[in-house]
Structures are given as C-alpha cells and as structure tokens.
Amino acid sequence: MDVMERLRPSSYDEAARMLHEASARGNAAVVGSGSRDAWFPPARNPVAALDSAALCGIVRYTPADLTICVRAGTPLADVQAALGRERQRLPLDPWPQGTVGGLIASNDNGPLRTRWGGVRDALIGVRVALPNGEVARFGGDVVKNVAGYDLTKGYVGSAGAFGMIVEATFKVQPQPARSTCTALTGTLDAVATAWRTLRERALPFAAVEVVRTEDRWTLYALAEGDSVVVERLVRECGEAARTTGCATREAPPDEAAEHARKPAGARTWLRVGIPPAQTASMLASLAPDQHAVARPWVGIVEIFGEALGESDLTRILRDAVEARGHAHLRQADDDLRRLLGWWSIEQIEGGRTMFPMLKNALDPARHCNAGRTIYDQSE
Amino acid sequence: MSEQPSSFIERLRTIVGDDGLFSEPQQLRLYMYDGSIDRALPIAVALPRTAEQVAGVVRLCHEEGVFLTPRGAGTGLSGGSIPLCGGVVLSTARMKAVLAVDTENQTVTVQPGLVNLDLTKHVAPLGFQYVPDPSSQGACTIGGNVAENSGGPHTLTGGVTTNHVLELELVLADGERVRIGSPAPDPPGPDFVGVVCGSEGTIAVVTQILCRIVRKTECVRTMLAAFDSCRAASEAVSAVIASGIVPTAMEMMDHPALSAIEAFSHAGYPVDAGAVLLLELEALREEVEDAAPRVVEICRANGASEVRVAQNDEEREALWKGRKKAFGAMGRIGPSYYVQDGVIPRTRLPEVLERVEQAARKVGLRVANVFHAGDGNLHPLILFDDHDPDQAKRAIAAGEEILRACVEAGGSITGEHGVGMEKRDYMVLQFPKATLAAFTAFRDACDPGHTLNPYKLLPSGLGCAEGGKRQKTMAQMQELAERNAAVGDAY
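Residues numbered from 1 in each chain as written. Chains lettered and ligands numbered in written order. Predicted model: local features only at pLDDT ≥ 70, side-chain atom pairs only at ≥ 80, totals over all residues. Heavy atoms only, no water.

*Asks:* What's the story with the overall build of chain B in this structure? I'm lost.
*Replies:* Within chain B, the secondary structure is distributed over 17 helices and 18 strands. Over its C-alpha trace chain B gives a radius of gyration of 22 Å, about what one expects of a compact globule, namely 23 Å for 491 residues. Projecting the C-alpha coordinates of chain B onto the three principal axes gives extents of approximately 70 × 55 × 45 Å. A fraction of 72% describes how many contacts in chain B between residues 6 or more apart in sequence connect residues 24 or more apart. Summed over its atoms, the accessible surface of chain B is roughly 16,700 Å², and 50% of this surface lies on carbon and sulfur atoms. In chain B, which carries 45 positive and 62 negative side-chain charges, the distance between the mean positions of the two groups comes to 2 Å. (Helix = DSSP H or I, 4+ residues; strand = E, 2+ residues; numbered from the N terminus. Rg over C-alpha atoms; globule rule 2.2 N^0.38 Å. Contact = heavy atoms within 4.5 Å. Areas by Shrake-Rupley, 256 points an atom, 1.4 Å probe, with all protein chains shown as cover. Lys, Arg positive; Asp, Glu negative; His and termini not counted. Charge placed at Lys NZ, Arg CZ, Asp CG, Glu CD.)

Right under this line is the structure:
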C-alpha cells in the first residue's frame with residue numbers, strides 16, 4: 001500500500017478527528033493488525049492509514065452478564081485470555097491472528113461457526129469513528145436491543161467502508177466443561193452419510209469439519225459440554241461410524257485445527273459459501289490433490305493449494321454461483337488474481353443498491369477504505 | 001398530492017384490484033390501531049397479493065408523495081403500523097403462503113403475511129420448528145417480525161428474528177425490487193439483511209423471506225419456581241447463569257401479574273407468591289436430566305418456596321398458557337395497560353425493578369411485571385384507564401421514568417417491541433447525537449421523501465432542544481389519547 005502517512009490514534013475522539021482530517025484530503029485507509037489485509041483489494045490511493053494498535057484493552061466485562069466490551073485494536077487472543085480467566089469464551093475461532101476490529105470488518109469465522117454462528121450472531125454493539133469527525137455508537141451492551149437501525153450489522157463484513165470500528169461488545173458464554181473430538185474416516189459417500197445422519201438427529205456438535213486425508217475423507221465432530229453431553233455425542237459418532245462403515249477414533253485436540261488451517265506455503269486460498277446440502281457434491285468435484293476443509297452443516301468449503309489452476313478455480317467458482325452461493329479468493333498469485341478477481345457471487349444487484357445507502361449515510365464523500373469491498377469495485 | 005384523492009384511490013384500485021382495496025370509513029377504522037395506545041385513520045388500505053402489486057403500490061405512493069404504512073397483523077406494541085399521518089396502509093394479510101420447504105438446507109421460503117405460529121405448524125410434522133416465538137405468535141406475521149426484529153421467550157439461547165433470516169426480497173421506497181442476503185453462509189460485503197431486520201418498515205417493504213428452521217430439540221423440561229419477591233427471583237436467575245447452565249427461557253411474573261393471569265387463564269400459578277420464574281431447558285435428554293435437578297436446587301437455595309416441574313406436554317402447555325396470554329389477562333385488573341420494553345444487563349434486575357415500582361407509585365398507578373428475565377428484557381405493564389386523559393398522561397410519564405432507569409443501567413429503551421411512534425423521542429436518552437444523525441442520514445439515503453412509515457423510529461424534529469422535543473411529543477401523545485377517548489365514545 002502506497003501510504004503517505006501512518007496514523008495511530010490513542011482515543012476514540014482522536015480516531016474520529018484523524019479520519020476526518022485525512023478524508024478531507026483524500027482517501028483514508030483503516031487497518032487493524034494487517035493480518036487479513038491481503039484478503040481484500042487494497043484501498044485506493046490512500047493519503048493516510050489509520051491503525052487501531054493503540055486502541056487496545058477491555059472496556060467493560062461483567063461475567064454474570066455474559067457480555068464483554070473491548071477496544072477494537074485488542075487482539076482476539078487477548079480477549080479470549082481475559083474471558084478464560086472467568087471460564088468464559090467468545091464462541092468465535094477464526095484465523096487466529098488479528099484484532100477484534102479486523103475480525104468484524106472481515107466477517108471471519110472458524111469451526112465453531114457450526115453451532116454458534118458467525119460474527120453477526122455474537123456482536124451486539126459497536127462504536128465507530130466516522131469520517132465526519134464524530135464518534136457514533138450502534139447497538140449496545142445488552143443482548144436484546146431493537147432501538148434504532150441495527151447498523152452494527154452493517155459493519156460486519158464492511159472492510160472498513162463505513163469508518164473505523166473503535167469498540168465492540170459481544171455476547172459471551174461459559175466455557176464448556178469438557179471437549180472431545182471424534183474422527184470418522186471413510187469414503188466421501190460414507191462420511192457424507194455420517195454427517196447427514198448426525199445433523200438429522202439434531203445433535204449439538206460444536207463443530208463438524210471434513211478434510212481430505214490422502215485418498216480418504218475424515219469427519220471431525222467436536223463434542224463440548226458437560227460429561228453426559230460429551231459421552232452421548234461420542235456414542236452417536238460411534239453409531240454413525242458403524243452404520244456408514246467409517247473407522248472411528250478419538251482425535252487429539254489440535255488435529256482438526258491443524259487441518260482447518262491454511263497449510264504453510266499454500267499460495268492459493270479460496271473460501272466458498274454454498275447452501276449446506278451442496279457441500280458433498282462440491283467436495284466430490286475437487287481433484288484428488290486439492291486440499292479442502294469443509295463445514296458441511298453450514299455450507300463452507302475452503303480450498304487451498306498450489307495445484308489450483310485457472311481452469312480448476314473457474315469451474316469451482318461457477319459451481320458455487322450455480323448453487324446460489326459465492327466464493328472469495330482470499331489469496332492468489334497476481335496472474336490468477338487478474339483473471340479471477342476477488343469474489344464471485346450469485347447475485348450482486350441487491351447489495352449494489354443497498355451499499356450506497358449505507359455509504360451515503362456514513363461516508364458520503366466515499367473516502368473511507370475506498371475499493372475494499374465487493375460493492376465498491378467500480379467506483 | 002398532485003391529484004384528487006379519488007383519482008389516486010382509483011389508481012391504487014387498478015394495481016390491487018377491487019377486492020384488494022378498502023376505502024370505506026367502516027373498513028378504514030379497523031386499520032387505525034395496533035397493540036399500542038395510539039390511533040390514526042388511513043385514507044385507504046391496500047391488500048396486495050403479489051410482490052409486483054406491492055411494488056406498484058409503493059411506487060405510486062412514492063410518485064405522489066403519499067405516506068405509506070406497511071402492516072402485518074397489527075399486533076405491534078409501539079405504534080409501528082399506525083398510519084400516523086394518514087396515507088395508505090399496505091397490509092400483507094393476503095400474502096401468507098409458504099412457498100418452499102427445504103429440509104436438507106433447513107430453510108423455508110415464506111411470504112410476509114404468514115402468521116408466525118403457522119410457520120412452525122407447517123414444519124412441525126417434518127420435525128422442525130421456527131425459533132422466534134413472540135407471545136403474539138398466534139396472530140403476528142413473519143413480515144412484521146422482520147420489521148420489528150421480534151424476539152419472544154425462547155430467544156435467550158435461540159436468538160431473535162435477525163438470527164433466523166437468511167435472505168430477503170424487498171420493495172424499496174421508490175418501488176424497486178431487490179434481493180439481499182443469501183441461502184449460503186456469510187455472503188461477501190456488509191450484512192444488509194441484518195440492517196433491514198428491525199428497520200420497522202421505514203426503508204423497505206419485505207415481500208419474501210428465507211427463514212432458517214431447526215430440528216425440534218430432543219428433550220424439553222419446563223419448571224415453575226415461586227419466590228417471595230422479584231429480588232429473590234432475580235438472584236436465582238443470575239445464580240442459574242453463573243452455574244454455567246443457560247436455559248432456553250427464563251420468564252418472570254410478579255405478584256400483580258400472577259393474580260391477573262391466574263384469574264384469566266387458570267394456569268395453576270401460585271397466586272400468593274411474590275414472583276414466579278418459568279424456566280425451560282431444551283437440549284439432549286441426558287443434558288436436561290442432568291441440569292434440571294441442578295436448576296431446582298439453585299432456585300431452592302435462592303429462596304424458592306415451591307418448584308414445580310411439568311411432567312408431560314399437557315402440564316408444560318398449561319405452564320406456558322398463562323405466560324403467553326399474560327398481556328390479555330391484564331384486563332382483569334385494569335381497563336388498559338401501557339407496556340414498556342426496556343432492556344438492562346441481567347445483573348441490574350433487582351435495582352431496576354424497584355425503580356419500576358417507584359415510577360408507577362409516583363404517578364399513582366399500579367404496575368404488573370411479566371418479562372424475559374434471562375435476557376434482562378423488562379415488560380412493565382402500567383395499568384390505567386385509556387378513557388381518562390389524565391391517567392394516560394401519568395402512564396406515559398411513568399413509562400418515561402422506567403426507560404430512563406433502563407438506559408442509566410446501561411440498557412436499551414426497547415428489546416423487541418420496536419421504537420415505532422411511541423418511543424421515538426426517547427431515542428435521545430439512549431444514543432448520542434452522532435448516532436441519531438447517522439440513523440437520520442441512513443433513513444434519508446433509503447427514502448429521501450420519508451414516505452415509508454413516516455415519523456417512526458427517529459426522534460421527531462431533530463434539531464430542536466431535546467427536552468422541548470420530548471415535551472412536544474408528550475403533548476402529541478396526550479392529544480392522541482384524547483382523540484382516542486373521543487373515538488371510543490363515538491363507536
């Protein structure tokens with residue numbers, strides 16, 4: 001990013017003032033730790049970049065209320081550590097690096113998305129520095145709140161388009177007493193039958209992940225809760241394995257997480273969202289050397305690898321769109337990027353109409369992180 | 001309006017057909033109210049059957065500068081569907097089809113006029129349910145739920161409407177039809193569906209909704225615990241949460257509410273109790289069987305004089321029957337009620353409940369409390385005579401005092417009923433000017449002429465001195481209460 005000036009506000013008001021001044025001069029970039037920077041197109045010609053590194057720390061935390069309010073530059077890991085001391089957690093386990101603000105702006109999530117939803121389900125309020133120099137607060141500290149427009153949701157996945165998130169409040173939950181991960185290994189058909197069976201039985205697994213391991217597929221089912229719950233869920237995995245012919249074993253806690261992470265050295269990373277029933281057919285269509293991780297109860301498939309060429313990717317993108325889904329090429333070499341862009345989406349018109357409405361309200365000069373979302377590529 | 005009303009109404013008729021338009025005074029009177037205390041008469045009611053017709057009505061109103069108020073079933077409690085400034089009411093009552101059920105993807109596509117309970121009834125034989133269950137679920141519509149971002153007793157673990165809507169088809173203020181959201185998870189870009197949920201019909205009319213459904217839970221256990229006081233019951237709520245158990249519902253009813261409910265519903269509630277908690281656990285059988293005795297023990301340790309556990313579906317339904325009909329039961333103890341909907345952090349319940357009681361006492365009115373204790377969502381019902389303008393004024397004053405207490409405790413003026421017209425001028429209590437300015441700018445960007453549901457959600461007359469503004473609205477509400485009394489006398 002060719003940036004003329006790097007700014008690091010240490011208060012909300014200072015962030016608003018700096019953003020106001022920068023956006024009066026031209027485009028202003030808003031960044032967190034930069035850990036997800038490459039997932040989005042660069043901001044267009046910024047005259048300054050504001051980072052949130054000095055907006056750090058916990059603002060309010062009353063464990064009995066099951067909510068926590070933190071400054072947006074706080075690393076997610078620090079938030080989890082503070083919650084852990086009270087045996088609580090934020091049920092979001094995305095890409096492990098990065099700040100809370102970056103997590104919201106990128107709408108990232110991980111295996112726990114299966115049971116606990118995404119950022120939009122945990123986030124109950126934000127405070128934002130606006131390009132007009134004001135600090136606005138949307139949502140609040142309470143778990144139910146319908147006062148005014150829910151613009152908090154507009155910041156989820158906003159990639160900084162509507163100002164700088166300076167503070168966020170989340171719903172949190174008690175840490176599970178126990179956790180056991182069961183691995184079921186077999187053919188894709190067998191594994192798919194197993195995940196469908198477990199889903200039909202309304203079993204509350206915290207995470208259900210599928211990965212290809214050489215010529216087999218492995219389903220990781222994470223059971224969390226009190227002992228009685230974990231034991232029952234493990235039993236159900238055993239039953240599903242028996243009826244589908246999968247091999248079953250207890251997996252070490254980090255094994256599934258290792259697979260879910262982008263392998264070191266992978267130059268291409270595609271994240272696909274499809275209606276969950278399409279997951280098996282998408283996995284079946286992948287070439288044997290394509291490393292993939294799927295959340296089949298949700299409809300997320302992440303594909304990594306060096307072997308992913310233009311034709312493979314083009315076909316996957318087309319399949320995603322035909323299934324009424326979308327795809328985000330989080331990482332790619334320049335040549336691929338030039339050919340395929342950043343996103344493929346089934347329909348873009350509704351967002352193209354709504355995005356300017358939010359933009360007109362929150363950044364009418366269109367100087368804030370210009371060019372970083374799917375909806376302002378042509379502006 | 002650039003032409004005579006009769007001609008405008010004829011143009012409306014050409015869009016929705018003869019049987020899709022009400023314009024006779026006796027018909028219009030049925031659409032002047034919702035579940036709140038205000039009234040206003042529309043000039044016409046359009047009942048479209050298709051999204052095309054909705055778009056036609058919205059476009060016509062937009063072109064002619066005629067106000068348009070969308071309406072589901074009219075069960076709202078904040079005046080959201082009252083045609084405050086006249087104009088056209090657009091009722092979705094004839095768009096109530098279930099268009100598709102997709103059990104594999106666990107979704108249902110519905111029209112906005114579908115009644116909430118009918119959605120659950122439709123999918124129940126397949127083993128599914130729709131989670132948000134407002135107390136008015138037997139009448140309120142999914143479109144109305146989206147507009148208000150409705151909750152209900154089971155949202156503590158299940159979330160509110162926004163957590164169960166994946167995709168929306170909308171008609172925007174100028175009549176343009178758009179689709180936002182996706183049947184696939186996490187579509188790129190901002191969460192537009194989340195922004196539209198709870199926008200109270202001020203930025204769009206919803207014409208189709210893709211809802212998430214979930215499989216029915218394996219085991220449900222409902223229990224009722226009686227306490228001497230609301231304070232003791234509140235402490236039990238915090239103790240249950242602190243133990244790591246999160247019930248799907250934790251509902252509280254105080255003594256005045258219990259008396260009214262029992263007289264009305266004969267649910268078998270202990271009328272001598274100072275407060276009652278209705279708790280529900282929904283989970284795997286083993287989990288419920290493990291947690292239920294612990295909840296009973298926690299309630300007893302916090303002073304419960306009696307804990308009753310429903311032994312079968314019949315007993316469970318009986319326990320819920322009283323709660324779900326609680327608002328209707330208030331007729332037993334007062335001619336009318338003014339219900340507030342403030343939310344507070346759960347740990348502040350005891351002190352704020354005391355302030356609720358003080359606020360009512362100060363104006364010489366009684367208050368009954370029936371509310372979602374688990375998520376701190378209060379529903380104080382201030383009892384008054386709606387034909388007595390002075391009592392109406394006092395009820396409104398007590399309501400304001402209660403909302404102040406909620407905001408001062410770090411909460412919100414509304415948890416699920418919406419701002420509507422009733423709470424629009426209390427928005428200044430909760431939000432800084434910068435937020436209100438952003439809300440207004442968003443409203444302007446979506447609907448520059450403010451023809452969609454005008455004068456709702458946002459404070460009236462932004463730019464006036466705040467105190468003066470509230471006074472002004474109080475006076476307007478007073479005037480409406482007086483008009484309401486006159487209307488009641490006339491019919």
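*Asks:* Before we go on, may I ask you to explain helix H13 (residues 349-362) of chain A in this structure?
*Replies:* The periodicity of an α-helix, 3.6 residues per turn, causes residues three or four places apart in sequence to face the same way. Taking 1.5 Å of rise per residue, the 14 residues of H13 of chain A would be expected to cover 20 Å, and the 21 Å separating its terminal C-alpha atoms lies within 8% of that figure. Among the 14 residues of H13 of chain A, ten are classified as buried, and the element is accordingly described as predominantly covered. Gly 350, Gly 351, Thr 353, Met 354, Phe 355, Met 357, Leu 358, Lys 359, Ala 361 and Leu 362 of chain A are the residues of H13 of chain A that are buried. Those residues of H13 of chain A hidden inside the fold are in contact with strand E8 (135-139) and helix H6 (151-155) of chain A together with strand E8 (165-172), strand E9 (177-181), helix H7 (192-196) and helix H16 (433-446) of chain B. (Expected span 1.5 Å × (residues − 1). Buried < 20%, exposed > 50% of the residue type's maximum accessible area, 1.4 Å probe, protein only.)

*Asks:* What is the right way to read the environment of Ala 437 of chain B from this model?
*Replies:* Residue and element names in this part refer to chain B. With respect to the helices and strands, the residue Ala 437 is situated in helix H16. By relative accessible area, which is 45% here, Ala 437 ends up partly exposed. Through-space distance from the C-alpha of Ala 437 to that of Leu 458 is 9.6 Å; in sequence the pair is 21 residues apart.

*Asks:* Looking at this structure, how should I read the interface of chain B and chain A?
*Replies:* A common way to report how large an interface is uses the accessible area buried once the components associate. Each partner contributes to the interface: chain B provides 83 residues, whereas chain A provides 73 residues. In total, about 6,200 Å² of surface goes out of reach between chain B and chain A, with carbon and sulfur atoms giving 60% of it. For the pair chain B and chain A, the interface holds ten salt bridges. Asp 226 of chain A is paired through a salt bridge with Arg 294 of chain B; the nearest N and O atoms lie 3.3 Å apart. Linking chain B with chain A are 27 residue pairs in polar contact (both at pLDDT 80 or more). Counting only elements with at least two residues in the side of chain B that touches chain A, the list comes to E8, E9, H7, helix H10 (285-301), helix H15 (427-430) and H16 of chain B. Top element by residues in the side of chain B that touches chain A is H16 of chain B. It accounts for nine residues. Among the residues forming the side of chain B that touches chain A, the class breakdown is 36 nonpolar, 27 polar and 20 charged. (Buried area = accessible area lost by both parts, 1.4 Å probe. Salt bridge = Lys/Arg side-chain N within 4 Å of Asp/Glu carboxyl O. Polar contact = N/O pair within 3.5 Å; in protein donor to acceptor, adjacent residues only side chain to side chain. Nonpolar A, V, L, I, M, F, W, Y, C, P; charged D, E, K, R; others polar.)

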